[in-house]
Amino acid sequence: MEQRWTDPSLETPWDFYSMFDAFQNGEYQLIACRMVSANRAKLELEPFSYPYGGTGAIQALVESFDFIILAEDDGTGYTKFNL
């Protein structure tokens, strides 16, 4: 337990409350979440305004289930992540 509070490699950018607070206050609607192949899925959302809160909380939730985000289009352009 002590290591958890002092080891920087175990730090996460989102705590549980902040992540769900961001979902509650984000200005977007979830459109779809579907499998596009045997090992890839696509999550689509529609922002109501800009700025709408960003995709950080969604990314944190996806990564918390050990999925890897390959790319995103957050409304400002397509970004492919280095794996």
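In what follows, the structure referred to is the one given above.
Residue numbers here run from 1 along each chain, matching the order of that chain's written sequence. Note on the predicted model: pLDDT of at least 70 is required for a residue's local features to be given, and 80 or more for side-chain atom pairs to be given and counted; whole-chain, interface and lining totals, by contrast, use all residues. The basis for the side-chain values is all heavy atoms of the structure; hydrogens and waters are excluded.

Caption draft 1: Representation of the pattern of salt bridges in the model. For this analysis, a salt bridge means a side-chain nitrogen from Lys or Arg found within 4 Å of a carboxyl oxygen belonging to Asp or Glu. Taken as a whole and assessed by the stated rule, the structure comprises one salt bridge. Two residues, Arg34 and Glu44, come together in a salt bridge whose shortest N-O distance is 2.2 Å. One end of the pair, Arg34, is in strand β1 (residues 28-37); the other, Glu44, is in strand β2 (residues 40-47), with 10 residues separating them in the sequence. A 1.4 Å probe rolled over the protein chains alone gives each residue an accessible area, and that area as a share of the maximum for its type sets the label: buried under 20%, exposed over 50%, partly exposed in between. Given the relative accessible area of 24%, Glu44 is considered partly exposed. Helix and strand definitions follow DSSP, with helices as H or I runs of at least four residues and strands as E runs of at least two, each counted in order from the N terminus.

Caption draft 2: Highlighting the side chain of Gln59. Considering the arrangement of structural elements, one finds Gln59 in helix α3 (residues 56-64). Each residue touching Gln59, except ones within four places of it in the same chain, is listed here: Ile69, Glu72 and Phe81. Contacts: residue pairs with any heavy atoms within 4.5 Å of one another.

Caption draft 3: Just the side chain of Thr55, in detail. Locating Thr55 in the fold gives a position in the loop between β2 and α3. With a relative accessible area of 15%, Thr55 lands in the buried category. In this structure the side chain of Thr55 is engaged in a polar contact, spanning 2.5 Å, whose partner is the side chain of Glu72. Setting aside chain neighbours within four positions, we find Thr55 in contact with Glu72 and Asp74. We call two N or O atoms a polar contact when they sit within 3.5 Å, provided that within protein one can donate a hydrogen and the other can accept it, with sequence-adjacent residues counted only if both atoms are side-chain atoms.

Caption draft 4: Structural context of the packing of helix α2 (residues 16-25) against α3. Where α2 meets α3, the axes come as close as 9 Å, and the angle between the chain directions of the two elements is 130°. Judged by the inter-axis angle, α2 sits oblique to α3. Crossing of α2 against α3: the hand is left-handed. Contacts between α2 and α3 pair Met19, Ala22 and Phe23 from the former with Ala57, Ile58, Ala60 and Leu61 from the latter. Basically, the charged four are Asp, Glu, Lys and Arg, the nonpolar ten are Ala, Val, Leu, Ile, Met, Phe, Trp, Tyr, Cys and Pro, and anything else, Gly included, counts as polar. In the contact of α2 with α3, the residues fall into seven nonpolar, no polar and no charged. Only the stretch in contact is used when fitting a helix axis, every axis being a line fitted to C-alpha atoms; angles between N-to-C directions are given from 0 to 180 degrees. Note on terminology: angles under 35 degrees are roughly parallel, angles over 145 are roughly antiparallel, angles of 65 to 115 are roughly perpendicular, and the others are oblique. Here a crossing is taken to be left-handed if its near helix is turned anticlockwise relative to the far helix by less than a right angle, and right-handed if that turn runs clockwise.

Caption draft 5: Structural context of unusual backbone geometry. Positive phi, normally seen in glycine, also occurs at Asp66, with a value near 65°. Along the chain, the position of Asp66 falls in the loop between α3 and β3 (71-73). Relative accessible area serves as the criterion here: at 71%, Asp66 is assigned to the exposed category.

Distances and angles like these do not, on their own, reveal function.
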